[in-house]
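Below are the chains, spelled out letter by letter.
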Amino acid sequence: MILSFIFFLILFLGGIWLMGLAQSLEDFQAIIFVAGLLIMCLSLAFMMRQRGSATRRSNNWSGNAAE
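This one's a predicted model, so the numbers in the text were calculated from it and none came from an experiment.

> Just to check I follow, could you spell out the overall build of the protein for this structure?
A tally of regular secondary structure across the protein gives two helices and zero strands. Across the 67 residues that make up the protein, the buried fraction comes to 16%. In the protein, 42% of the contacts between residues at least 6 apart in sequence involve partners at least 24 apart. Element-wise, carbon and sulfur atoms account for 70% of the exposed surface of the protein, whose accessible area totals about 5,500 Å².

Structure, rendered in structure tokens:
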């Protein structure tokens, strides 16, 4: 769990870095920006799908499926 968090944190920060880098480039700004955005979104999506995460309805504190 910790290794996957570190991996996805690196992906998340790398995506933010790519979006910032796109502003200083002369060519392919849109492609680099969109790549950074996709990497950042994918890292968030994979982190939210981790088993035992607080984002799952079946693992909430009250034990009920939905409130």
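> Is there a simple way to explain helix H1 (residues 2-22) in this structure?
An α-helical turn contains 3.6 residues, so a residue and the one three or four places further along point in the same direction. Its 21 residues place the ends of H1 30 Å apart at the C-alpha level, agreeing with the 30 Å of an ideal helix rising 1.5 Å per residue. Of the residues making up H1, those classed as buried are Ser-4, Phe-8, Gly-15, Leu-18, Met-19 and Ala-22. Burial along H1 is one-sided: seen end-on, the buried residues are contained in an arc of 100 degrees. Facing away from the buried side of H1 by more than 90 degrees, the exposed set consists of Ile-2, Leu-3, Ile-10 and Trp-17. The elements touched by buried residues of H1 are helix H2 (29-48).

> Help me understand the environment of Ser-24, please; the structure alone is not making it clear to me.
With respect to the helices and strands, Ser-24 occurs in the loop between H1 and H2. When its relative accessible area of 55% is taken as the criterion, Ser-24 is described as exposed. There is a polar contact of 3.0 Å between the side chain of Ser-24 and the backbone oxygen of Leu-21.

What counts and how
- Residues numbered from 1 in each chain as written.
- Predicted model: local features only at pLDDT ≥ 70, side-chain atom pairs only at ≥ 80, totals over all residues.
- Heavy atoms only, no water.
- Helix = DSSP H or I, 4+ residues; strand = E, 2+ residues; numbered from the N terminus.
- Buried < 20%, exposed > 50% of the residue type's maximum accessible area, 1.4 Å probe, protein only.
- Contact = heavy atoms within 4.5 Å.
- Areas by Shrake-Rupley, 256 points an atom, 1.4 Å probe, with all protein chains shown as cover.
- Expected span 1.5 Å × (residues − 1).
- Arc of directions from axis to C-beta.
- Polar contact = N/O pair within 3.5 Å; in protein donor to acceptor, adjacent residues only side chain to side chain.

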